[in-house]
Amino acid sequence: MNKNFVEELTWRGMLHDAMPGTEEHLIEEMRSAYVGIDPTADSLHIGHLVGVMMLRHFQLCGHKPYALVGGATGMIGDPSGKSAERNLLDEETLRHNQEALKAQLSKFLEFKGDAANTAVLVNNYDWMKDFSFLAFIRDVGKHITVNYMMAKDSVKKRLSSDAAEGMSFTEFTYQMVQGYDFLHLFRTHQCTLQMGGSDQWGNITTGTELIRRIGNGKGYALTCPLITKADGTKFGKTEGGNVWLDPQRTSPYKFYQYWLNTSDADAERYIKIFTFLSKEEIDDLVKKHTDAPHQRELQKVLAREVTTMVHSEEDYNNAVKASEVLFGKSTAEDLKGLNEATFLDVFEGVPQAEVSRAEIEEGLDMIAALAAKTNFLNSNGEARRALKENSVSVNKEKVKEDYVITTSDLLNNKYVILNKGKKNTFIIRVV
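If you're wondering where the values come from, they're calculated on a predicted model, not measured in any experiment.

Examining the pairing of strand β9 (residues 352–355)
Within a regular beta strand, the side chains point alternately toward one face of the sheet and then the other, so they alternate between its two faces.
1) Next: On β9, burial follows the alternation: Ala 353 and Val 355 on one face are buried, whereas Gln 352 and Glu 354 on the facing-out side are not.
2) Next: In this sheet, strand β15 (residues 424–430) lies alongside β9 in parallel orientation, the contact comprising four bridges. Bridge pairing links Gln 352 to Ile 427 in β15.

Description of a negative patch on the surface
1) Next: Taken together, the side chains of Glu 324, Glu 333, Asp 334 and Glu 397 define an acidic patch exposed on the protein surface.
2) Next: Mapped onto the elements of the fold, Asp 334 is located in helix α18 (residues 332–336).
3) Next: Of the residues examined, Asp 334 reaches a relative accessible area of 32% and is grouped as partly exposed.

Considering the sheet that holds strand β1 (residues 17–18)
1) Next: Overall, mixed pairing links the six strands, which are arranged β1-β6-β5-β2-β3-β4 in an open sheet. The open sheet has two edge strands, β1 and β4 (120–123), and neither has a second partner.
2) Next: Both strand β2 (residues 32–37) and strand β5 (residues 191–197) contribute to a ladder of four bridges, which runs parallel. Within β5, the position partnered with Ala 33 by the bridge is Leu 193.
3) Next: Along the sheet, helix α5 (residues 91–105) makes contact with β2, β3 (64–69) and β4, crossing β4 at roughly 160°.
4) Next: Contacting β2, β3, β4, β5 and β6 (220–224), helix α11 (residues 174–189) crosses the sheet at an angle of about 145° to β5.

Here we look at helix α3 (residues 49–60)
An α-helical turn contains 3.6 residues, so a residue and the one three or four places further along point in the same direction.
1) Next: Look at α3: 16 Å from first C-alpha to last across twelve residues, which is about the 16 Å you get at 1.5 Å a residue.
2) Next: With respect to burial, α3 is a largely interior element, ten of its twelve residues being buried.
3) Next: Listed in full, the buried residues belonging to α3 are Leu 49, Val 50, Gly 51, Val 52, Met 53, Met 54, Leu 55, His 57, Phe 58 and Gln 59.
4) Next: One or two residues past the end of α3 sits Gly 62, with phi positive at roughly 95°.

Looking at α11
1) Next: Taking 1.5 Å per residue, 16 residues should reach 22 Å; α11 reaches 22 Å between its end C-alpha atoms and fits that length.
2) Next: Taking burial as the measure, the 16 residues of α11 include 13 buried ones, the bulk of the element.

As for the side chain of Thr 250
1) Next: Mapped onto the elements of the fold, Thr 250 is located in the loop between β8 (241–242) and α13 (252–260).
2) Next: Of the polar contacts made by the side chain of Thr 250, one reaches the backbone nitrogen of Trp 244; its length is 2.8 Å.
3) Next: With residues up to four places along the chain from it excluded, the contact list for Thr 250 reads Asn 242, Val 243, Trp 244 and Phe 255.

Overview of the pattern of salt bridges
1) Next: Across all of its chains, the model carries 20 salt bridges by this definition.
2) Next: As a salt-bridge pair, Asp 42 and Arg 249 come within 2.9 Å of each other at their nearest N and O atoms. Taken as a pair, Asp 42 in the loop between β2 and α3 and Arg 249 in the loop between β8 and α13 lie far apart in primary sequence, 207 residues in all.
3) Next: Asp 42 sits in the partly exposed class, given a relative accessible area of 22%.
4) Next: In this structure, Glu 340 engages Lys 414 in a salt bridge whose closest nitrogen and oxygen atoms are separated by 3.0 Å. Here Lys 414 lies in the loop between β13 (404–405) and β14 (415–420) and Glu 340 lies in helix α19 (residues 340–346), a separation of 74 residues in the sequence.
5) Next: Its relative accessible area of 27% is what places Glu 340 among the partly exposed residues.

A few points about the side chain of Arg 31
1) Next: In this structure, Arg 31 sits in the loop between α2 (22–28) and β2.
2) Next: For Arg 31, a relative accessible area of 13% puts it in the buried group.
3) Next: Look past the residues within four positions of Arg 31 in its chain and what remains in contact with it is His 25, Leu 26, Phe 58, His 63, Lys 64 and Thr 192.

Topic: the environment of Cys 224
1) Next: Here Cys 224 lies in strand β6.
2) Next: Overall, the relative accessible area of 4% leaves Cys 224 in the buried class.
3) Next: Between the C-alpha atoms of Cys 224 and Ala 18, which are 206 residues apart in sequence, the distance is 8.9 Å.
4) Next: Aside from chain neighbours lying at most four places away, what touches Cys 224 is Met 14, His 16, Val 50, Met 54, Gly 196, Gly 197 and Ser 198.

Focus: unusual backbone geometry
1) Next: For Gln 190, which is not glycine, the phi torsion reads 50° and is therefore positive.
2) Next: Among the secondary structure elements, Gln 190 is positioned in the loop between α11 and β5.
3) Next: In this model, Asn 390 sits at a positive phi of 60°, which is unusual for a non-glycine residue.
4) Next: Mapping Asn 390 onto the fold places it in the loop between α22 (380–388) and β11 (392–394).

What counts and how
Residues numbered from 1 in each chain as written. Predicted model: local features only at pLDDT ≥ 70, side-chain atom pairs only at ≥ 80, totals over all residues. Heavy atoms only, no water. Buried < 20%, exposed > 50% of the residue type's maximum accessible area, 1.4 Å probe, protein only. Helix = DSSP H or I, 4+ residues; strand = E, 2+ residues; numbered from the N terminus. Pairing = 2+ DSSP bridges. Patch = residues over 30% accessible without salt bridge, like charges linked within 9 Å, V, L, I, M, F, W, Y side chains within 5 Å. Areas by Shrake-Rupley, 256 points an atom, 1.4 Å probe, with all protein chains shown as cover. Salt bridge = Lys/Arg side-chain N within 4 Å of Asp/Glu carboxyl O. Lys, Arg positive; Asp, Glu negative; His and termini not counted. Charge placed at Lys NZ, Arg CZ, Asp CG, Glu CD. Contact = heavy atoms within 4.5 Å. Axes fitted to C-alpha atoms, helices over the stretch in contact; angles between N-to-C directions. Expected span 1.5 Å × (residues − 1). Polar contact = N/O pair within 3.5 Å; in protein donor to acceptor, adjacent residues only side chain to side chain.

Here it is in structure tokens:
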């Protein structure tokens, strides 16, 4: 065996709970474990990353990882941590989502090759779709009592008097279906361990119970903590919603910015969880960061490692360049290098004014560009003063009052960036 998996998760702060005997079980020989992934979208978001990282560490420690796409369970919805039922998907959507998720998982897990521990993708819809209701309640349902199911936290919370809505029978049976997945993988793939977030403990132990009662075997459970932020806001969420791995949904620039803007307390935890840097490398970074926190070394390395892993080195380099455009000493050449999507990301929320193409073709004088045509500055007088003080830039290059904006200044053939001093940025959009 390569490394001790439980020890690896422990120092990284990725172990919440494990069934007694799990560590010894994994030390004996190569084992198989799975993590369930919900296919409600055709992309993973960074909330899924912890489970994926666990599978990757499992594979790096010499074991065989299974990624289970919950096609069947995705059709009914998991009550854990939810206050309402979710939408149900049709089979075509589920299949599309499954293929998209596999492509993303391939960046983390080794699916190809002859090694005994290559990763496998399975979909529980494949073994649940022909299972009749009668057969299920006869062969599986009779082994688990309602008392046992009611004792689970995920069920208790939804049945409490505080819950806004009750719990449907469909959701109540969710833990049985997930438990059956574990039994099925135990029988067909010798899968002896299920991993997930700490909110999944109840569902996972239902599986170990079925393995004991029906499979006459022993299954193990291991969970990681639910990732939180030090300030109490939700991890992986921005004002715009989830932070996705798909670059069409969350651009590499915004993805990079999310990690770069992590607080010091969070960065120290996240760098252990979301990168493969060694303990020595991380200890060294933490020390550097403690000595000079203003340099944000931890955040920079975290953002570099995760962006490169999820996207590519090229995307990371572009994101860094784009960040410097807004905050650093960039030139007009750097600005011209940004494609339109990144340009719009970088300058999202920056005030804009529209100017007709004809006016730019004729040449727009600086006073009009700063005041009358855009209201960037309040008056022609203020515009003149700013120009005299040499504090005005067009596309990051300082200009005087006699400068004229023409089509040669256009970025992506439609934008001009004005700056007054370092802090005030404004965009002219040509229409």
